[in-house]
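# An overview of the molecular structure
The lines below spell out each chain.
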Amino acid sequence: QNLNYVISNLLTYARPMRLQIVDVAVGRLFGLCGDTLRDRAARAGAKLTIREEGEGLVTRGDERQLAQVLLNLGINAIEACGSGVGRVGIEACGGRHSILLRVRDNGCGMDEKTLEKIFDPFFTMKDGGTGLGLSLTKKIVDAHGGEIAFESEPGKGSTVTVTLPRGSQT
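The paragraphs below set out a description of the structure included in this document. Everything numeric here is computed off the predicted structure, so don't read it as measured data.

### A short note on the sheet that holds strand β5 (residues 98-105)
Taken in spatial order, the five strands line up as β2-β4-β5-β7-β6 in an open sheet, and their pairing is mixed. Strands at the two margins of the open sheet, each flanked by one partner only, are β2 (47-52) and β6 (147-153). Taken over all neighbouring pairs, the strand axes of this sheet differ in orientation by 10 degrees on average, direction set aside. Here helix α2 (residues 26-44) sits on the sheet in contact with β2, β4 (87-94) and β5, set at roughly 175 degrees to β2. Sheet strands in contact with helix α5 (residues 133-143) are β6 and β7 (157-165), and its direction is about 140 degrees off that of β6.

Structure follows, in structure tokens:
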């Protein structure tokens, strides 16, 4: 099963991305990921909050791929937190031309040297990790014409901001 997962991720990373672009409501993305993330947070003893600032935030993209971005970032944030003391916040807000998705945690954080490598394929800090999760996440964000940025401080946690083009208003 683990080998299957690694091979599947490697193939996804290596192949050109085929996107089915539609207007995607951020609330729908949160709905697709929320149960999985809440379950992971509960098992890790972390407190998870998910909120959308404003109503009707919409981006353009492939719903399934954008949900994968939120899952990857949310799971990483949950796993970075200590058991029973973790706090993870996922929020969305909209600007005039873009949607911002932020994932914050109070976990272990990363130093500058680590931040320089986080998108490198096969770089991982997790026991048993493949090092493909953030590489795939960046590839998906790039394919959507977006940007991804990390801010982190060792011992204080991390904030990941994903900027995506704004879609039509609902």
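### Considerations on the packing of α2 against helix α3 (residues 63-80)
In contact at an axis separation of 9 Å, α2 and α3 are set at 20 degrees when each is read in the N-to-C sense. In terms of orientation, α2 lies roughly parallel with respect to α3. Pair α2 / α3 crosses with right-handed handedness. Mapping the contact onto sequence places Arg28, Leu29, Phe30, Leu32, Cys33, Thr36, Leu37, Arg40, Ala41 and Ala44 in α2 and Glu63, Leu66, Ala67, Leu70, Leu71, Gly74, Ile75, Ile78 and Glu79 in α3. Residues that form the contact of α2 with α3 fall into these classes: 13 nonpolar, two polar and four charged.

### Notes on the environment of Asp23
Residue placement: Asp23 occurs in strand β1 (residues 22-25). Residues Asp23 and Lys47 lie 24 residues apart in sequence; the distance between their C-alpha atoms is 30 Å.

### Details of the packing of aromatic side chains
Taken as a whole and assessed by the stated rule, the structure comprises one aromatic pair. Ring geometry for Phe119 and Phe150: centres 5.7 Å apart, planes at 70 degrees, overall edge-to-face. With Phe119 in the loop between α4 (112-115) and α5 and Phe150 in strand β6, this residue pair connects regions lying 31 residues apart in the sequence. Its relative accessible area of 22% is what places Phe119 among the partly exposed residues. A cation over an aromatic ring shows up here: Lys138 above the ring of Phe119, its NZ or CZ 5.7 Å from the ring centre.

### Focus on the side chain of Thr137
The topology assignment puts Thr137 in helix α5. In this structure Thr137 touches Val69, Asn72, Leu73 and Ile148, once residues within four positions along its chain are discounted.

Calculation notes
- Residues numbered from 1 in each chain as written.
- Predicted model: local features only at pLDDT ≥ 70, side-chain atom pairs only at ≥ 80, totals over all residues.
- Heavy atoms only, no water.
- Pairing = 2+ DSSP bridges.
- Helix = DSSP H or I, 4+ residues; strand = E, 2+ residues; numbered from the N terminus.
- Axes fitted to C-alpha atoms, helices over the stretch in contact; angles between N-to-C directions.
- Contact = heavy atoms within 4.5 Å.
- Parallel < 35°, antiparallel > 145°, perpendicular 65-115°, else oblique.
- Left-handed = near helix turned anticlockwise from the far one by under 90°.
- Nonpolar A, V, L, I, M, F, W, Y, C, P; charged D, E, K, R; others polar.
- Phe/Tyr/Trp six-rings, centres within 6.5 Å; stacked < 30°, edge-to-face > 60°.
- Buried < 20%, exposed > 50% of the residue type's maximum accessible area, 1.4 Å probe, protein only.
- Lys NZ or Arg CZ within 6 Å of the ring centre and 35° of its normal.

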